[in-house]
Amino acid sequence: MSLTIEALLGMYRTMVRIRAFEERVDDLMMKGLIHGTTHLYIGMEAVATGVCSALKPEDYIASNHRGHGHCIAKGADLNRMMAELLGKATGYCKGKGGSMHIADLERGNLGATGIVGSGIPVATGAALAISMRKEAKVVACFFGDGAANNGAFHESLNLAAIWKLPVIYVCENNQYAMSGPAREMFAIPRIAERGSAYGIPGATVDGNDVLAVHAAATESIRRARDGHGPSLLTCETYRWKGHSRSDANRYRSKEEIAAWQARCPIQRLRRYLEELDGLDARAAAAIEGDVRAEVEEAVQFAEKSPVPSLEGAEADLYA
Amino acid sequence: MSLTIEALLGMYRTMVRIRAFEERVDDLMMKGLIHGTTHLYIGMEAVATGVCSALKPEDYIASNHRGHGHCIAKGADLNRMMAELLGKATGYCKGKGGSMHIADLERGNLGATGIVGSGIPVATGAALAISMRKEAKVVACFFGDGAANNGAFHESLNLAAIWKLPVIYVCENNQYAMSGPAREMFAIPRIAERGSAYGIPGATVDGNDVLAVHAAATESIRRARDGHGPSLLTCETYRWKGHSRSDANRYRSKEEIAAWQARCPIQRLRRYLEELDGLDARAAAAIEGDVRAEVEEAVQFAEKSPVPSLEGAEADLYA
Amino acid sequence: MREITYKQAIQEALREEMRRDERVFLLGEDIGVYGGAFGVTLGFLEEFGKARVRDTPISELGIVGAAAGAALMGMRPVVEIMFIDFSTLALDQLANQAAKMRFMFGGKARVPMVLRAPQGAGTGAAAQHSQSLEALFVHFPGLKVAMPSTPADAKGLLKAAIRDDNPVVFIEHKLLYNRKGPVPDGEHLVPLGRAEIKRPGRDLTLIAISNMVIKALEAAEILAAEGIEIEIVDPRTLVPLDEATVLDSVRRTGRVLIAHEACRTGGVGAEILARIVEEGFDYLDAPIRRLAGRDFPIPYSKVLERQVIPQVEDIVREARRLLGRAGGGKRNDQ
Amino acid sequence: MREITYKQAIQEALREEMRRDERVFLLGEDIGVYGGAFGVTLGFLEEFGKARVRDTPISELGIVGAAAGAALMGMRPVVEIMFIDFSTLALDQLANQAAKMRFMFGGKARVPMVLRAPQGAGTGAAAQHSQSLEALFVHFPGLKVAMPSTPADAKGLLKAAIRDDNPVVFIEHKLLYNRKGPVPDGEHLVPLGRAEIKRPGRDLTLIAISNMVIKALEAAEILAAEGIEIEIVDPRTLVPLDEATVLDSVRRTGRVLIAHEACRTGGVGAEILARIVEEGFDYLDAPIRRLAGRDFPIPYSKVLERQVIPQVEDIVREARRLLGRAGGGKRNDQ
Ligand SMILES: Cc1ncc(C[n+]2csc(CCOP(=O)(O)OP(=O)(O)O)c2C)c(N)n1
Ligand SMILES: Cc1ncc(C[n+]2csc(CCOP(=O)(O)OP(=O)(O)O)c2C)c(N)n1
Ligand SMILES: [Mg+2]
Ligand SMILES: [Mg+2]
């Protein structure tokens, strides 16, 4: 691991940015300013950050319903994200997509999708395109533990395996698929063991340790870029918030949540940086201040943006 | 292995019956007397026979497009089978189903299906019913190597695993899915390794050795009946004939076919029985004569049966 | 009569049938302790236990197929698909297996299963969580399709669906869950295949489906104030479709408007319209018109979402237009 | 003009587009050395190699999704689904991803992919290999749907579909593969969205789809001998639908018959009928009638299979009936 302090600080900033963005979204939801539902990434910041920091800007990601973190980690513009959540014409999708469908094609985010598992075939196809064009790019495909029980997972991993596609499958095992506990929905202890069904490497890392995620992702990405095909990286983590707006958290205990909160991925990197003398309280506060300001600016941008109209929407349907 | 000579002779007769039936079907197809397509089981007789001989009559099977062998091994009436193939009103499905849809619910054959992999969820649901009713029955679910790459396989095996359902998944690896060679469609050497993705035992047996199939099936069935859940049994075998009527066999060599024909499952059991002094040429000829006569009778029954009419077909659509 | 919500009505139906017949069981994602995404099965786990209130992985194809298999064995599963949009993942098992088994097997099998799912826009859930997809199911012989608009129909039809020996797709509307309506005490069944006139009227037949019935009733009040009496026919089940009741109404009014939320092109409005033309052409004094979802995926923005779905004012306007009254104006349905 | 088969026409289209644009590639089951279940891609592996003629496992959902992903990246995949019946397995990727991505993403993405699949009964392949499912695709905004009936249309539409920047479902009919017809030499494109009058006539407009066009042409000969001149309109694409050509014909004839092989209930015939009623009611001298597949799964028996699908004699009979001629008799379409 040869990460510079700058690189580590970059990761730290990304994680804090995700956290701040999500907290503000949560707040706007409570206030009824965001309609529909959203799925918050709080607690899982190390996964998107660890993976995306190992990608090059020209690489791709495929996201899912819990996608804000992926999007931010891949470098998205918070203004356009927030505008999208507020259903505004200036949003990433001109208000047509919302939280579950943000795509940022310019920065290689191939889009979020609300149907669990459905991004996996799409990511696999993107990797196929790369492979056919003989480009040295890779696709990182994010999905949850729940998605790993869908047929889309199976068919895609097999395709990628037999065609040696440059894709890394990142399973964010936050222990639950909505209320479904991974321990009951799988009869195996580690989801990464499924790699063996396709003849691809499967690795499990602590998904709250951004450095561990980064290291494992770097390895998988190198493999993919070198033409050795896909791998399955399972990151063990936890979502702090309810599954979505309507979740009453009946399926898990306060203690369990608290135990995972004690393992905060941001605090963890902060402590590490402090040990390295890379970050002190002032610097941390400055970062915090920066990102809160960015987020506030995004909210203001979104609020004063115009609402969309259906005028010309045909052109957004058919090219 | 404590199989009696009678039991072995029963298996032998079943295999010869399947072979004779299929050869006659092939012949009727060539003559244009069977329309549509059929998928012949010739060369694979040991799999259905080995598995079904390990089942009790009250157990169930779920079949697939290449289903005549399963059907016969589960005790079907050749007359009604042949009548179905000839599209007659006396057939198993009153001429409405044809080769790919024969079901024999009285004998526990839950039916064949023409959509690859689609019988797997159905078999799993049947096992769920058994499990909910706390019956000591099992379901044997037959499918090909090709089906193991479909999402239906993945979702079903996981369900059966987490619910410990009494089902044995019998993958008939005849090396090809139509023209798709298993060696190219999987990046793993043995399909049975996929069991580990679901936390269930996976075993691979010589699918041309009826005794090996019987032994492995017996073990899986006991496990299932005792409440220990599903297993995945892969039987390595080969189909001698083309995939279906229209196959030009462009994807495999004559030598390969010949090599597998030299490993005929019927001859193999015959040699074994001869060694045990359980069968001599006369007895073998008698069996051969019996089943050929049965098959001829079936053809005659089918030929003189009436064609169906749509009269009253509404009642065959909605109960 | 006592008033309960649509959701409570569905709960009563499920509970009564589960108590009555132990072959009835539920399976679906998050239906246990979570109570289902819309809370329909809240409390069921406690009463009926894990075996009969079966939380599943996110395996729509697998669980619909498992329901078909269990049904074939004589069980009576009720599968919940969290949003009907996801039924596209399960369509093979539903339409090529469950729907066809009986016929393919020559009339031998019975597949008594129900697939329940909520549909409809209006919650800001965007393109993949807001569709109305009844047209898919209507096209596959072997399926029955129910779409209740009131608590009473929801209860009665769901009980009938569970007792039916065929696969029934039972489509709920998200915006109806918390609406109240009268539901008779005690055993209440509504047979599949019988339409209901939700409001009688002489001037125009408005055939409305699911939540459109509610909007139609509102529109009817507005129109009544203008002296226009529209008759609202709710087919309640699309398969079987009660053509007789529809045609009888058309015979009396001579004018027809059909309203549904699903996309216009290829929606069931076309089928209903076609049947009226084929069987009741001579009754018609004017072209039949459809009010339907515009041919777009459902947009996220609240403003846009509202625009792609027919609203009360659209019904009012179309009714006026059909009756040659002023204020017909420009239409919003493409 | 030279005559080639429908299958050869499709081959020419694929070959020309693959030679012209290296982003075009094929994926599907057994399309390589086997040449596809119907031999459409025979020889392609030799010319274009394994990378561009990509044999896949039996993973319909996965490969349609992979095509969508590759298309999103700027490739132009053409997926072959062996029988359209299996598209039910891939419907989520087709209808919820490929069709919606552009819209959901605010008009940014392009998804230039083609899904080719054969459909139709008449080969004794029974309930799961004989369906006609165009109605499913027509209902999802974002998809285009082509159904050529002649070699020339097959070639021209497929080339246009491949060059189109949207997902196009291109539906072939098994019974047409070996039929010959004239196809112009050289570059030949048929724009999506333009109907063609396959035979002019003054007495009745017969809107026929896919293989029904062939049956309609036969029926027209029989009717012509009786002095009845029917006009056969082939929409060629269902989305976009060329309403103008249809309505213009109806305006001239005043009588309409619609024929397709798909099940009657919820079939596209209803949609076409509805549009004519909505826009051309005043042109109509008689109720529009549909001739369609009966609402059954396709039975295996040759005898039964024939009975559930409209035949030439059914068209002749219905045309006579609509024109009030003798011999209309009892109908066979439920
Ligand atoms: C195919 C499908 N089934 C069900 C749902 C409803 N749903 C949305 S998110 C979710 C849980 C997903 O779990 P997981 O994949 O672990 O991701 P997480 O939400 O935990 O990040 C469910 C069941 C859906 N969106 N798509
Ligand atoms: C879902 C689906 N895709 C494709 C087909 C066409 N098809 C029929 S059999 C077959 C090969 C099946 O291979 P396998 O499962 O190995 O069984 P086998 O025929 O070798 O016994 C294919 C591709 C189908 N029937 N269903
Ligand atoms: Mg999860
Ligand atoms: Mg095989």
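Above this note sits the structure.
Residues numbered from 1 in each chain as written. Chains lettered and ligands numbered in written order. Predicted model: local features only at pLDDT ≥ 70, side-chain atom pairs only at ≥ 80, totals over all residues. Heavy atoms only, no water.

1. Details of the coordination of the magnesium ion (ligand 3)
Residue and element names in this part refer to chain A.
Alright, step 1. Note on the magnesium ion (ligand 3): its protein donors are D145 (OD), N174 (OD1) and Y176 (O). The metal-donor distances range over 2.0 to 2.1 Å.
Alright, step 2. Read N to C, the donor residues that coordinate the magnesium ion (ligand 3) are spaced as D-x28-N-x1-Y. With D145 in the loop between strand 2 (139-144) and helix 6 (151-163) and Y176 in strand 4 (residues 176-177), this residue pair connects regions lying 31 residues apart in the sequence. One exposure class covers both D145 and Y176, and it is buried. (Donors = N, O, S within 2.8 Å, 3.2 Å for Na, K, Ca; no water. Helix = DSSP H or I, 4+ residues; strand = E, 2+ residues; numbered from the N terminus. Buried < 20%, exposed > 50% of the residue type's maximum accessible area, 1.4 Å probe, protein only.)

2. Focus: the site of ligand 1
Alright, step 1. Neighbouring ligand 1 are 22 residues; H65, R66, G114 and D145 of chain A together with E60 of chain C lie closest to it.
Alright, step 2. More than a single chain frames ligand 1: its nearby residues are located in chains A and C.
Alright, step 3. R66 of chain A places a side-chain nitrogen or oxygen 2.8 Å from an oxygen atom of ligand 1.
Alright, step 4. Here A147 of chain A contributes a backbone N or O atom positioned 3.1 Å from an oxygen atom of ligand 1.
Alright, step 5. Coverage of ligand 1 by the protein amounts to 98% of the 580 Å² it exposes when considered alone.
Alright, step 6. Of the residues contributing to the shell around ligand 1, the split by class is 10 nonpolar, 7 polar and 5 charged. (Near = heavy atom within 4 Å. Polar contact = N/O pair within 3.5 Å; in protein donor to acceptor, adjacent residues only side chain to side chain. Areas by Shrake-Rupley, 256 points an atom, 1.4 Å probe, with all protein chains shown as cover. Nonpolar A, V, L, I, M, F, W, Y, C, P; charged D, E, K, R; others polar.)

3. Brief notes about the interface of chain D and chain C
Note: interface size is frequently given as the accessible area lost on complex formation between the parts.
Alright, step 1. With 49 residues of chain D in contact, the opposing surface of chain C contributes 49 residues.
Alright, step 2. Across the chain D to chain C interface the summed buried area is about 4,300 Å²; carbon plus sulfur atoms make up 65%.
Alright, step 3. For the pair chain D and chain C, the interface holds 6 salt bridges.
Alright, step 4. Linking chain D to chain C there are 26 residue pairs in polar contact (both at pLDDT 80 or more).
Alright, step 5. Here the element with the most residues in the side of chain D that touches chain C is helix 4 (residues 87-104) of chain D; it accounts for 9 residues.
Alright, step 6. Of the residues contributing to the side of chain D that touches chain C, the split by class is 27 nonpolar, 10 polar and 12 charged. (Contact = heavy atoms within 4.5 Å. Buried area = accessible area lost by both parts, 1.4 Å probe. Salt bridge = Lys/Arg side-chain N within 4 Å of Asp/Glu carboxyl O.)

4. Considering the nonpolar core
Alright, step 1. In terms of nonpolar packing, the biggest core is built from 364 residues, with M82 of chain A, M82 of chain B, M113 and F137 of chain C together with M113 and F137 of chain D touching the most fellow members.
Alright, step 2. Contacts of M113 of chain C, omitting those with residues within four sequence positions, involve V64, A67, A68, A71, P77, V79, L94, A98, N166, P167 and V168 of chain C. (Core = buried A, V, L, I, M, F, W, Y, C linked by side-chain atoms within 4.5 Å.)

5. Quick look at the site of ligand 2
Alright, step 1. Around ligand 2 sit 22 residues in total, of which H65, R66, G114 and D145 of chain B together with E60 of chain D are the nearest.
Alright, step 2. At the site occupied by ligand 2, the surrounding residues belong to chains B and D.
Alright, step 3. At 2.7 Å, a side-chain N or O of H65 of chain B approaches an oxygen atom of ligand 2.
Alright, step 4. When isolated, ligand 2 has an accessible area of 570 Å², and the protein chains bury 98% of it.
Alright, step 5. Each residue belonging to the shell around ligand 2 can be placed in one class, and the counts come to 10 nonpolar, 7 polar and 5 charged.

6. A closer look at the sheet that holds strand 7 (residues 231-236) of chain B
Residue and element names in this part refer to chain B.
Alright, step 1. Pairing within the open sheet is parallel, and its 5 strands lie in the order 1-2-3-7-6. A single partner strand is all that each edge strand has here, and the edge strands are strand 1 (60-62) and strand 6 (202-206). Averaged over all pairs of adjacent strands, the angle between strand axes in this sheet comes to 20°, irrespective of strand direction.
Alright, step 2. Judged from the 6 bridges that link them, strand 2 (residues 139-144) and strand 3 (residues 167-173) form a sheet pairing that is parallel. Bridged to A140 within strand 3 is I168. (Pairing = 2+ DSSP bridges. Axes fitted to C-alpha atoms, helices over the stretch in contact; angles between N-to-C directions.)

7. Here's the deal with the interface of chain A and chain D
Alright, step 1. Across the boundary between the two partners, chain A contributes 38 residues, which contact 43 residues of chain D.
Alright, step 2. Across the chain A/chain D interface, buried area totals approximately 3,200 Å², and carbon plus sulfur atoms make up 68% of it.
Alright, step 3. Contact with chain D buries surface across chain A, with M132, Y318 and A319 of chain A losing the most and accounting together for 19% of the total.
Alright, step 4. Counting across the interface, chain A meets chain D through 0 salt bridges.
Alright, step 5. Here chain A is connected to chain D by 16 residue pairs in polar contact (both at pLDDT 80 or more).
Alright, step 6. Looking at the side of chain A that touches chain D, the elements that each hand over two or more residues are helix 5 (119-132), helix 6 and helix 12 (314-317) of chain A.
Alright, step 7. In terms of residue count, helix 5 of chain A provides more of the side of chain A that touches chain D than any other element does, 8 residues in total.
Alright, step 8. Looking at side-chain class alone, the side of chain A that touches chain D contains 24 nonpolar, 8 polar and 6 charged residues.

8. Digging into the coordination of the magnesium ion (ligand 4)
Residue and element names in this part refer to chain B.
Alright, step 1. Around the magnesium ion (ligand 4), the protein contributes the donor atoms D145 (OD), N174 (OD1) and Y176 (O), which lie 2.0 to 2.1 Å from the metal centre.
Alright, step 2. Taken in chain order, the donor set of the magnesium ion (ligand 4) reads D-x28-N-x1-Y. Take N174 and Y176: they sit in the same class, and that class is buried.

9. Some points on helix 8 (residues 243-253) of chain C
Side chains that are three or four residues apart share a direction in an α-helix, a result of its 3.6 residues per turn.
Residue and element names in this part refer to chain C.
Alright, step 1. Turning to helix 8, its buried residues number three or more, namely V246, L247, S249, V250 and T253. Buried positions in helix 8, seen along its axis, are confined to an arc of 160° and lie on one side of it.
Alright, step 2. G254 sits one or two residues past helix 8 and shows a positive phi near 75°. (Arc of directions from axis to C-beta.)

10. So, the state of the cysteines
Here a disulfide denotes one covalent bond, and it connects the sulfur atoms of two cysteines.
Residues and elements named next belong to chain A.
Alright, step 1. The final tally for this structure, using the stated rule, is 0 disulfides over all chains.
Alright, step 2. Take C171: it sits in no disulfide, and the sulfur closest to it among the cysteines is that of C235, at 8.0 Å.
Alright, step 3. Residue C171 is classed as buried on the basis of its relative accessible area of 0%. (Disulfide = S-S within 2.5 Å.)

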